[in-house]
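Below, each chain spelled out in residue letters.
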Amino acid sequence: MFKNLWGKILGKMKKPFNLFIQDLDGGQKNLSKRCLLYYKTDPFYRDLESLKIFHTNNQEIILMVNALNEMGYVVDVVDREHKNFTPKNIYDLFIGCASGNSGKDYLKIATKLRKAIKILYCVSPEPSISNSLVKERYDDLSLRKDIKIDYMRMSKIPFDEFVKASDSIFLFGEKNQFCDKSYRDKYDLPIFNIVPSINKNVFFKDEWLISRNKKKYLCFAGSGAICKGVDILIEAFESFPQLELHICSPEDDDMKVIKSLYKKNFKKNIFYHGFVKPGSSKFISLVNQCSFSILNSAAEGCCTSILTTMKSGLVPIVNHECGIKLFSDLLKINSNKNRVQSTIEAIKIIMNTEEDTYQEYVKNTLIESNKYSEDSFYISFKESLKLFLE
């Protein structure tokens with residue numbers, strides 16, 4: 001009982017505090033190599049279900065360590081929040097998070113590991129491309145509303161220097177999708193694709209085909225609502241007063257700006273639900289009612305929030321920059337300069353979907369979502385390591 005209580009207390013503590021975990025061997029003996037993983041240490045000392053905002057990367061980190069153990073590596077994990085970490089030059093392999101500003105110390109660590117093979121682990125698009133697209137979203141909203149909005153979620157890392165210090169790039173998403181091409185078109189390093197996982201508490205029920213309303217759309221987004229295009233969706237839905245848009249996104253600075261700018265919309269056909277945990281009763285209620293999942297995001301590695309709703313059979317309506325391969329071009333939001341208008345055009349196409357076509361869409365959505373799981377993540381990560389290292 002005390003152990004469970006203590007686990008929940010640790011889970012609710014916001015900042016990580018056990019910043020360096022050593023000698024993870026999975027109970028295996030005679031492991032002859034050593035790997036340093038620069039990412040998050042939370043999964044090794046917290047009760048993950050108690051975390052306020054659970055992210056699939058918590059379980060993925062554990063799976064990464066398991067795969068490395070299977071391949072003969074003892075693993076040390078240093079948290080990306082560690083301010084003064086200086087590694088010993090004892091590692092055969094270094095895998096480091098290099099997404100956005102969270103991987104800011106990658107270069108400092110990599111340059112000290114002279115004998116280690118170094119892998120950049122990227123879950124978001126190439127930073128200069130991502131920055132350009134994110135900046136465009138803030139500038140566009142500022143222009144439409146004639147106000148000044150501070151940029152958020154802009155990467156400041158010297159990524160080109162990261163690449164020079166590295167031997168390979170592991171990235172999220174399928175080959176030839178947005179994230180993949182953002183790196184392959186620019187760098188000559190060996191590149192390997194990792195399949196992200198989906199929260200295992202998410203599911204689909206056949207009876208939802210009966211309970212769903214084709215006039216209800218779900219915007220299931222993470223933090224950074226302006227980057228995710230929530231403002232674009234709200235303006236697009238002004239053209240469709242007969243439709244409903246349900247928004248799930250944490251109430252961060254971006255979301256506060258949006259709620260302030262669009263007060264009147266939230267009194268009409270826009271409904272805000274705050275942060276909604278995948279698999280929760282609120283989440284189930286929404287995927288039981290809504291028929292489509294819609295997002296016009298600035299730049300994604302492989303948009304796991306959309307993948308999560310696809311696992312519940314919500315038909316995705318997304319733009320190319322979401323990093324997801326769609327089974328029908330009719331579900332695509334074109335990446336035109338006028339993002340609001342391109343979203344309106346996409347909704348016009350999908351809103352009159354016949355029931356038999358919708359059910360076929362749901363079937364294909366579920367098939368597509370089956371690509372993404374903890375098993376597929378583990379297999380793709382381990383196979384990529386084998387291809388690169390052996």
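The structure under discussion appears in the preceding block.
Residues numbered from 1 in each chain as written. Predicted model: local features only at pLDDT ≥ 70, side-chain atom pairs only at ≥ 80, totals over all residues. Heavy atoms only, no water.

## Considerations on the overall build of the protein chain
In terms of helices and strands, the protein chain carries 14 helices and 13 strands. Taking 2.2 N^0.38 as the reference for a compact globule, 390 residues should give roughly 21 Å; the C-alpha atoms of the protein chain span a radius of gyration of 21 Å, in line with that estimate. Seen through its principal axes, the protein chain has C-alpha atoms that stretch 65 × 45 × 40 Å. Put simply, the protein chain has 390 residues, and 53% of those count as buried. Restricting to contacts in the protein chain with at least 6 residues of sequence separation, those with at least 24 account for 75%. Charged side chains in the protein chain number 57 positive and 48 negative. The centres of these two groups are separated by 4 Å. (Helix = DSSP H or I, 4+ residues; strand = E, 2+ residues; numbered from the N terminus. Rg over C-alpha atoms; globule rule 2.2 N^0.38 Å. Buried < 20%, exposed > 50% of the residue type's maximum accessible area, 1.4 Å probe, protein only. Contact = heavy atoms within 4.5 Å. Lys, Arg positive; Asp, Glu negative; His and termini not counted. Charge placed at Lys NZ, Arg CZ, Asp CG, Glu CD.)

## Concerning the sheet that holds strand β6 (residues 168-172)
The strands making up a sheet associate through backbone hydrogen bonding, with each pair oriented either parallel or antiparallel. The 7 strands are arranged β1-β3-β2-β4-β5-β6-β7 in an open sheet whose pairing can be described as mixed. Bordering the open sheet on either side are β1 (20-24) and β7 (191-194), each of which pairs with just one other strand. Taken over all neighbouring pairs, the strand axes of this sheet differ in orientation by 20° on average, direction set aside. Sheet topology note: the β6/β7 ladder contains 4 bridges and is parallel. For Ile-169, the partnering residue across the bridge sits in β7 and is Ile-191. Lying over the sheet, helix α14 (residues 374-389) contacts β3 (73-79), β4 (93-97), β5 (117-122), β6 and β7, oriented at roughly 165° with respect to β7. (Pairing = 2+ DSSP bridges. Axes fitted to C-alpha atoms, helices over the stretch in contact; angles between N-to-C directions.)

## With respect to the pairing of β3
Put simply, side chains in a regular strand alternate between the two faces of the sheet. Counting buried positions along β3 gives 7 out of 7 residues, so the element sits mostly inside the fold. The two faces of β3 match: Tyr-73, Val-75, Val-77 and Asp-79 on one face and Val-74, Asp-76 and Val-78 on the other face are all buried. Note that β1 and β3 share 3 bridges and pair antiparallel. Counterpart to Ile-21 in the pairing with β3 is Val-77. When strand β2 (residues 33-39) meets β3, the two strands line up parallel, connected through 7 bridges. Paired with Cys-35 across the two strands is Val-75, which belongs to β3.

## Topic: helix α9 (residues 253-261)
Along α9, the positions that sit buried rather than exposed are Asp-254, Met-255 and Ile-258. Along the axis of α9, the buried positions cluster into a sector of 95°, meaning they face one direction only. On its buried side, α9 packs onto α4 (127-145), α8 (230-237), β9 (244-248) and β10 (270-272). Between the side-chain oxygen at the start of α9 and the backbone nitrogen of Asp-254 there is a gap of 3.3 Å, and the oxygen is on Asp-252. (Arc of directions from axis to C-beta. Polar contact = N/O pair within 3.5 Å; in protein donor to acceptor, adjacent residues only side chain to side chain.)

## Thoughts on unusual backbone geometry
Excluding glycine, a negative phi dihedral is what most residues carry, and trans is how most peptide bonds are arranged. Even without being glycine, Asn-30 reaches a positive phi, approximately 60°. With respect to the element layout, Asn-30 can be found in the loop between β1 and β2. Judged by its relative accessible area of 78%, Asn-30 falls in the exposed class. Positive phi, normally seen in glycine, also occurs at Asp-146, with a value near 55°. Structurally, Asp-146 is set in the loop between α4 and α5 (159-164). Residue Asp-146 is classed as exposed on the basis of its relative accessible area, which comes to 71%.

## Considerations on the pattern of salt bridges
A full pass over the atoms with the stated rule returns 21 salt bridges. Measuring nitrogen to oxygen at the nearest pair gives 3.9 Å for the salt bridge that ties Lys-337 to Glu-136. Placement of Lys-337 in the loop between β13 (332-333) and α12 (339-350) and of Glu-136 in helix α4 is noted, with a sequence separation of 201 residues between them. Each of Glu-136, Glu-321, Lys-337 and Arg-339 takes part in a single network of salt bridges with overlapping partners. (Salt bridge = Lys/Arg side-chain N within 4 Å of Asp/Glu carboxyl O.)

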